[in-house]
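Coordinate inspection notes
For reference, the chains in residue letters:
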Amino acid sequence: MRDKKLIVANFKMNFTIHEASLYVHRLDEATTSHRDVEMVLAAGFLSLPSLSMQVDHRKIKLAAQNFYWRDQGAFTGEVSATQLKGVVDYALVGHSERRHIFRENDKDIRAKVQAAIRNDISPILCVGETAQERASGETNDVLCDQLIGGLSNVTGEDMARIAIAYEPVWAIGTGKNAVPDDVKRAAKAIRSQITHLFGTGVADDVRILYGGSVSLDSASGYLNTSGVDGLLIGSASLDSHIFGSIVKAAHKKGTKKA
Ligand code: PGA
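A short tour of the structure in this document, coming up.

**Comments concerning the site of the ligand**
- Close contacts around the ligand come from 14 residues, with Lys12, His95, Glu167, Gly173 and Ser213 the closest.
- For the ligand, an oxygen atom lies 2.6 Å from a polar atom in the side chain of His95.
- Contact between the ligand and Glu167: an oxygen atom at 2.8 Å from a side-chain N or O atom of the residue.
- Across the complex, the protein chains shield 98% of the 290 Å² of accessible surface that the ligand would expose by itself.
- Residues that form the shell around the ligand fall into these classes: 5 nonpolar, 7 polar and 2 charged.

Right, here's the structure in full:
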């Protein structure tokens, strides 16, 4: 898996159905498929069904930004992984906006990871420390806690379809991106916690992404960082040209394992 870079656009609550379709049309025209890069768009729920018909899934994959962990039932307003099955290949789980604005806790996140796996959707589990936790030197502890919290009910086999996104909360949407050395250290801490939980074989294969104010200029630095296997991009991904250029940059890099 790690021979493929995972480059994910997180549209968040942006784009109408029509705008999302136009974006995909432009992105499709500007990029070619590469065996070494997986391009994923985390679009809003309303756009996903039509985008799923529009895209060539071998070239562009789709992700859900969120879902509820039950498969069906009386949960007014929610969307389940069962309903998303066949529409998306991936789903974000535990994004900091979900953790902080919508108060999702480890229990919710753990249940969502399992629901995604149960429904053949690959979770991208997001972890990251706040500015305060970083200032008090708690980054590694926070990452470990969030990994244990999110992954405690999955098997080593399930891990083959889970990716981890390191997204420091202080870097998301702030323009203050983490420097590649910070990301390298965090990726190492994440991989060592995965080793602790599932063994070296699983840890060697898990893809770790960086997210937080990634721009066209900063993307290459992360893609060159050992132990980093992809990017989760918010605001810079809203421009299809920029996102397409980052995908092209990813294609030019080999994967540096660590
Ligand atoms: P940003 O968002 O690139 O706008 O910081 C990243 C994310 O929230 O995944």
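Anyway, onward from the coordinates.
**A closer look at the sheet that holds strand 3 (residues 60-64)**
- With respect to topology, 8 strands assemble into a closed barrel ordered 1-2-3-4-5-6-7-8, the strand pairing being parallel. In this sheet, adjacent strand axes meet at a mean angle of 25° when their direction is disregarded.
- As paired elements, strand 2 (residues 37-42) and strand 3 share 4 bridges and run parallel to each other. Bridge pairing in strand 3 links Met39 to Ile60.
- The strands that helix 7 (residues 139-151) touches are strand 5 (122-127) and strand 6 (163-166); relative to strand 5, the one it contacts most, it runs at about 150°.
- Lying on the sheet, helix 8 (residues 180-198) is in contact with strand 5, strand 6 and strand 7 (207-211); it crosses strand 6 at an angle near 145°.

**Quick look at the pattern of salt bridges**
- Within this structure, the stated rule accounts for 15 salt bridges.
- Linking Arg134 and Asp182 is a salt bridge whose minimum nitrogen-to-oxygen distance equals 3.5 Å. Within this pair, whereas Arg134 is found in helix 6 (residues 131-135), its partner Asp182 is found in helix 8, the two being separated by 48 residues in sequence.
- Judged by its relative accessible area of 36%, Arg134 falls in the partly exposed class.
- Because the salt bridges share partners, they merge into one network encompassing Arg2, Arg191 and Asp229.

**Observations concerning the packing of helix 5 (residues 106-118) against helix 7**
- Axis separation between helix 5 and helix 7 bottoms out at 7 Å; the angle between their running directions is 50°. Our classification of the angle between helix 5 and helix 7 gives oblique. Only Asp145, Gln146, Gly149 and Gly150 of helix 7 make contact with helix 5, whose side of the interface consists of Asp106, Ile109, Arg110 and Val113.
- Of the residues contributing to the contact of helix 5 with helix 7, the split by class is 2 nonpolar, 3 polar and 3 charged.

**Regarding the packing of aromatic side chains**
- Within this structure, the stated rule accounts for 7 aromatic pairs.
- Aromatic pair Tyr68 and Phe75: ring centres 5.0 Å apart, planes at 50°, arrangement tilted.
- Ring centres of Tyr210 and Tyr222 lie 4.4 Å apart, and the angle between their planes is 35°; on these two criteria the pair is classed as tilted. On the criterion of sequence distance, the pair formed by Tyr210 in strand 7 and Tyr222 in helix 10 (residues 216-223) is long-range, its members being 12 residues apart. Across the pair, exposure class does not vary: Tyr210 and Tyr222 are buried alike.
- Each member of the aromatic cluster is reached from another via a ring pair, and the members are Phe11, Phe15 and Tyr23.
- Sitting over the ring of Phe67, Lys112 keeps its end group 5.9 Å from the ring centre.

**Concerning the packing of helix 10 against helix 11 (residues 240-252)**
- With their axes 10 Å apart at the nearest point, helix 10 and helix 11 run at an angle of 25° to one another. One way to sum up the angle between helix 10 and helix 11 is to call them roughly parallel. Note on packing geometry: the crossing formed by helix 10 with helix 11 is right-handed. In this structure, helix 10 uses Leu216, Ala219, Ser220 and Leu223 to contact helix 11, whose residues at the interface are Ile242, Ser245, Ile246, Ala249 and Ala250.
- Its residues placed into classes, the contact of helix 10 with helix 11 shows 7 nonpolar, 2 polar and no charged.

**A word on the side chain of Arg2**
- Among the structural elements, Arg2 can be located in the segment before strand 1 (5-10).
- With a relative accessible area of 2%, Arg2 lands in the buried category.
- One polar contact links the side chain of Arg2 to the main-chain carbonyl oxygen of Asp204, over a distance of 2.9 Å.

**Some details on the pairing of strand 4 (residues 90-93)**
- On strand 4, burial covers both faces: Tyr90 and Leu92 on one face and Ala91 and Val93 on the other are all buried.
- The pairing of strand 3 with strand 4 spans 2 bridges and is classified as parallel. When the bridges of strand 4 are listed, Ala64 appears paired with Ala91.
- Relative to strand 5, strand 4 runs parallel, the two sharing 4 bridges. Within strand 5, the position partnered with Val93 by the bridge is Leu125.

Cut-offs and rules
- Residues numbered from 1 in each chain as written.
- Predicted model: local features only at pLDDT ≥ 70, side-chain atom pairs only at ≥ 80, totals over all residues.
- Heavy atoms only, no water.
- Near = heavy atom within 4 Å.
- Polar contact = N/O pair within 3.5 Å; in protein donor to acceptor, adjacent residues only side chain to side chain.
- Areas by Shrake-Rupley, 256 points an atom, 1.4 Å probe, with all protein chains shown as cover.
- Nonpolar A, V, L, I, M, F, W, Y, C, P; charged D, E, K, R; others polar.
- Pairing = 2+ DSSP bridges.
- Helix = DSSP H or I, 4+ residues; strand = E, 2+ residues; numbered from the N terminus.
- Axes fitted to C-alpha atoms, helices over the stretch in contact; angles between N-to-C directions.
- Contact = heavy atoms within 4.5 Å.
- Salt bridge = Lys/Arg side-chain N within 4 Å of Asp/Glu carboxyl O.
- Buried < 20%, exposed > 50% of the residue type's maximum accessible area, 1.4 Å probe, protein only.
- Parallel < 35°, antiparallel > 145°, perpendicular 65-115°, else oblique.
- Phe/Tyr/Trp six-rings, centres within 6.5 Å; stacked < 30°, edge-to-face > 60°.
- Lys NZ or Arg CZ within 6 Å of the ring centre and 35° of its normal.
- Left-handed = near helix turned anticlockwise from the far one by under 90°.

Purely spatial values, then, with no claim about function.
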